[in-house]
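Chain by chain, the residues:
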Amino acid sequence: MSRGLGDVYKRQLLVDKPLLRMIAGPVIISVIITALRLTGELLGWSGEWFSKATGGIVPSGWTWLVGITWLPVLFGPWFARALQRAGEEAPSSLKVLGLALAGAALALVGLRTLVPVVSEHFPHFLIVVWAVGAVAAALQVLGWPALFRVLLAYGLASRLVVVLVMLLAMWGDWGTHYDYVGMPAQFQMPLVPRFLWLAFFPQLVFWTAFTVLLGSLSAGVFLVVSRLAVGGRTSGA
């Protein structure tokens, strides 16, 4: 029995090592960008690029470029290609793309439908936001489980860094978007509930889910285009 468990743990370790190597580069890039954004805000660099205003999903200005929210657009195809090189092919490129589009549609409709109904109950309505994002992201495991796992690992790792930065910023009142400077009174809670409601759960649930969903969408587009390109070269030959 113990030998069987040992074999399971050994196989798990062998699986995890390639995963960690796969996400290491993207996580390092994410950490560097997060550090750059924090430095720019603390030192008062150009507000056009380092705005302290708390944003949302929809980008505004150029500040979003100095952030990690958009990076899954690049890392989705990156991870898809890395998995292919490791011998892990997607079951169906159309399925990956289709489920990503379905997840995006579910998130959009769910948020637009449910949030207005519960938005008066702050901060508890955030649970609805997190749940919608989590369900939309969870759909992606049906498309390409290996890609889902890599995106989830990357999302959690990169967002954990943001969580730590937000904790320190809230604790020290740094006056950055990481501690919600200039936000309405309802955002000004004691440290622990403020951190849990506005940093810990949003980052590790909603924004990780967003990472999985956006990465799956960009990977799906990459896979479909790649298949079409290969088909075109084959027919041309």
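Residues numbered from 1 in each chain as written. Predicted model: local features only at pLDDT ≥ 70, side-chain atom pairs only at ≥ 80, totals over all residues. Heavy atoms only, no water.

A. Spatial organisation of helix 2 (residues 72–85). Along its 14 residues, helix 2 runs 19 Å from first to last C-alpha, staying within 8% of the 20 Å computed at 1.5 Å per residue. Where helix 2 is concerned, the buried positions are P72, F75, G76, P77, F79, A80, L83 and Q84. Just past helix 2, the residue G87 takes up positive phi, approximately 90°. (Helix = DSSP H or I, 4+ residues; strand = E, 2+ residues; numbered from the N terminus. Expected span 1.5 Å × (residues − 1). Buried < 20%, exposed > 50% of the residue type's maximum accessible area, 1.4 Å probe, protein only.)

B. Representation of unusual backbone geometry within the structure. Although it is not a glycine, D173 adopts a positive phi angle of roughly 50°. With respect to the secondary-structure elements, D173 resides in the loop between helix 5 (145–172) and helix 6 (191–236).

C. Looking closely at empty space enclosed by the protein. Following the criterion strictly, the structure yields 1 cavity of 30 Å³ or more and no others. In this structure, the largest cavity encloses a volume near 40 Å³. Contributing to the lining of the largest cavity are V96, L99, Q140, G143, W144, L147, F148 and S216. For the lining of the largest cavity, the elements supplying multiple residues, two or more each, are helix 3 (93–118) and helix 5. (1 Å grid on protein atoms, 1.4 Å probe; cavity = no way out; pocket = protein on both sides within 12 Å on 5 of 7 lines; lining within 4 Å. Points joined across faces, edges and corners; volume = space filled by probe spheres on them.)

D. Summary view of the nonpolar core. I23, F79, W144, L147 and L198 are the most contacted members of the largest nonpolar core, which has 50 residues in total. With sequence-adjacent residues up to four places away left out, L198 is seen in contact with F122, L126, M166, M170, Y180, F187, M189 and P193. (Core = buried A, V, L, I, M, F, W, Y, C linked by side-chain atoms within 4.5 Å. Contact = heavy atoms within 4.5 Å.)

E. Seen up close, helix 4 (residues 126–138). For helix 4, spanning 13 residues, the distance from its first C-alpha to its last is 18 Å, which sits close to the expected 18 Å at 1.5 Å a residue. Turning to helix 4, its buried residues are L126, V129, W130, V132, G133, A136 and A137. Angular distribution of buried residues about the axis of helix 4 spans 160°; they occupy a single face of the element. (Arc of directions from axis to C-beta.)

F. Seen up close, the environment of I23. Secondary-structure assignment places I23 in helix 1 (residues 2–42). Sequence separation between I23 and F79 is 56 residues; the distance between their C-alpha atoms is 8.0 Å. Sequence-distant contacts of I23, defined by excluding residues within four places in its chain, comprise F79, V150, A153 and Y154.

G. Structural context of the packing of helix 3 against helix 4. For the pair helix 3 and helix 4, the least separation of the axes is 9 Å and the interaxial angle reads 165°. Looking at the two axes, helix 3 sits roughly antiparallel to helix 4. With respect to the hand of their crossing, helix 3 and helix 4 are arranged in right-handed fashion. Across from G103, L106, A107, G110, L111, L114, V115 and V118 in helix 3, the residues of helix 4 making contact are V128, V129, V132, V135 and A136. Its residues placed into classes, the contact of helix 3 with helix 4 shows 11 nonpolar, 2 polar and no charged. (Axes fitted to C-alpha atoms, helices over the stretch in contact; angles between N-to-C directions. Parallel < 35°, antiparallel > 145°, perpendicular 65-115°, else oblique. Left-handed = near helix turned anticlockwise from the far one by under 90°. Nonpolar A, V, L, I, M, F, W, Y, C, P; charged D, E, K, R; others polar.)

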